[in-house]
Amino acid sequence: MQAKENFSFEYCRETADWLQARTKQRPRIAIICGSGLGLLADSLKNQESFRYTDIPNFPHSTVTGHDGHLIFGELQGKLCVCMKGRFHMYEGYPLWKVTFPIRVFKLLGIEILLVTNAAGALAESFHIGDLMIIRDHINLLGLAGQNPLLGPNEERFGPRFPALSDAYDGKIRALAMEVARDLGYTSFVKEGVYCMVGGPNFESIAEARLLHLLGADAVGMSTAAEVVVARHCGLRVFGVSLITNQVTKEYDTQEHIDHHEVLEVSQRRASTLRMLLTELVGRLEWNSLSNSDPEDNQTAYQNGT
Ligand SMILES: O=P(O)(O)O[C@@H]1C[C@H](O)[C@@H](CO)O1
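Rules used in this analysis
Residues numbered from 1 in each chain as written. Predicted model: local features only at pLDDT ≥ 70, side-chain atom pairs only at ≥ 80, totals over all residues. Heavy atoms only, no water. UniProt positions renumbered as here; feature names shortened; annotations may be inferred. Helix = DSSP H or I, 4+ residues; strand = E, 2+ residues; numbered from the N terminus. Buried < 20%, exposed > 50% of the residue type's maximum accessible area, 1.4 Å probe, protein only. Contact = heavy atoms within 4.5 Å. Phe/Tyr/Trp six-rings, centres within 6.5 Å; stacked < 30°, edge-to-face > 60°. Lys NZ or Arg CZ within 6 Å of the ring centre and 35° of its normal. Axes fitted to C-alpha atoms, helices over the stretch in contact; angles between N-to-C directions. Parallel < 35°, antiparallel > 145°, perpendicular 65-115°, else oblique. Left-handed = near helix turned anticlockwise from the far one by under 90°. Nonpolar A, V, L, I, M, F, W, Y, C, P; charged D, E, K, R; others polar. Core = buried A, V, L, I, M, F, W, Y, C linked by side-chain atoms within 4.5 Å.

Let us now look at the UniProt feature "binding site: a purine D-ribonucleoside" (unreviewed entry) in the chain. Under the UniProt annotation, the feature "binding site: a purine D-ribonucleoside" (unreviewed entry) is placed at E203 and N245. Spanning 43 residues, the named residues nonetheless gather at one spot, since no C-alpha pair among them exceeds 12.1 Å. Mapping E203 onto the fold places it in the loop between β7 (189-196) and α7 (205-214). Taking the relative accessible area as the measure of exposure, E203 reaches 18% and is therefore buried. Beyond its immediate sequence surroundings of up to four residues, E203 is in contact with V197, A208, L211, V219 and V247.

What follows is the structure in structure tokens.
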């Protein structure tokens, strides 16, 4: 098992304090940009940007399409902090480090986490360029014993046994669907189940068939671990996958997916995803999202209500 001492409250606090000493911005929304999806971060107003390499304790981005800046700024008049580039287990980081920024966000006062990723389609009804609002996930690594919450529990962040039955906020998903309707996006905005695998290889045919049989609509190499840590510390979560490729499930194909193709599609569709999220952020109203929703028992637990 990985040493956990560096996932401690104090270690996260040190990073949050460093950031708060350098910006007066106090955002309540955090956004993680997936592969090739950094465009959203670029559209923040009044930007204050920090290189990951300058932030104490922060991991460094090593993957093409993940720039490596933490950007504070305004989107639709709302203060946000945006990760332009995320971390993956296949880069050699333990999962606690992959998800470290989430706990820093919590200490910065973040309440809502918006996660994006590039993913391959397993569902036949999905097409390249579609946006999949994540209804639920299969954390394949977690089921196999690789979980960012392994080790002593830090009660100041959350409970030993967090519930994940409501991981992806129902009210924010409904709002996003409303936004999609208003933007005329309904033909390519779908809902579905995201499966996180470890990577870095793409799936074999037998693996792709298995994941589809298990109920996954799309597969990628991120997100679920971040969401586990976010829900543990009571953040509300909204996730969206940009479908960059069809995952091959037939043996008689000549198609081979590669990361360049993933980046090409995500860069081509980044402005559409940006539009959806920008409009969504603009419509996020804390009052209408309040926790009278019985679905949101995790946050109620955190608040002691
Ligand atoms: O960070 P995300 O999940 O968007 O990145 C996906 C998964 C792999 O890192 C990479 C494969 O092309 O894109």
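What follows covers the UniProt feature "binding site: phosphate" (unreviewed entry) in the chain. UniProt's entry tags S35, H66, R86, F87, H88, A118 and S222 with the feature "binding site: phosphate" (unreviewed entry), counted in the numbering of this structure. Spanning 188 residues, the named residues form one tight spatial group whose C-alpha atoms are at most 13.5 Å apart. Within the secondary structure, S35 is located in the loop between β1 (29-33) and α2 (39-42). Sequence-distant contacts of S35, that is, excluding residues within four places in its chain, are made with G65, H66, A118, H259, V262, L263 and S266. In this fold, H88 is placed in the loop between β4 (78-84) and α3 (95-98). Judged by its relative accessible area of 4%, H88 falls in the buried class.

Right, let's get into helix α8 (residues 224-232). For α8, the tally of buried residues reaches nine of nine residues, placing the bulk of the element in the interior. Residues of α8 that are buried: A224, A225, E226, V227, V228, V229, A230, R231 and H232. Of the residues trailing α8, G234 is marked for its positive phi of about 85°.

Applying the stated criterion to the full structure yields 12 aromatic pairs. Taking the centre distance of 6.3 Å and the plane angle of 75° together, the rings of Y11 and W96 count as edge-to-face. In this pair, Y11 is assigned in helix α1 (residues 9-20) and W96 in helix α3, connecting sequence segments 85 residues apart. Residues Y11 and W96 agree in their burial class; the two are buried. Geometrically, the ring pair formed by Y185 and F188 is tilted, given 4.8 Å between the ring centres and 40° between the ring planes. Residue classification places Y185 among the buried positions, given a relative accessible area of 12%. A relative accessible area of 16% places F188 in the buried class. Through pairs of rings, three or more aromatic residues link up here, namely F7, Y11, Y52, F58, F87, Y93, W96 and F100. In this structure, R103 packs its charged tip against the face of F7, placed 3.9 Å from the ring centre. For the cation-ring pair, R269 lies above F188, with the distance from its terminal atom to the ring centre recorded as 4.6 Å.

Between two packed helices, the angle of one axis relative to the other and the distance separating the axes together describe the packing. For the pair α1 and helix α4 (residues 100-108), the least separation of the axes is 9 Å and the interaxial angle reads 60°. The pairing of α1 with α4 is recorded here as oblique in orientation. When you trace α1 past α4, the crossing you get is right-handed. Between α1 and α4, the residues in contact are F9, Y11, C12, R13, T15, A16, L19 and Q20 and F100, R103, V104, L107 and L108, respectively. Partitioned by chemical class, the residues of the contact of α1 with α4 number nine nonpolar, two polar and two charged.

With that settled, the discussion passes to the nonpolar core. Inside soluble globular proteins, nonpolar side chains tend to come together where they are buried. Counting 55 residues, the largest nonpolar core has L19, I55, L70, I102, F105 and L113 as its most contacted members. When residues no more than four places from it in sequence are discounted, the contact partners of L70 are L19, E48, S49, F50, Y52, I55, F58, V81, C82, M83 and F105. Listed in part, the 34 residues of the second largest apolar core include L44, I112, L280 and L289.

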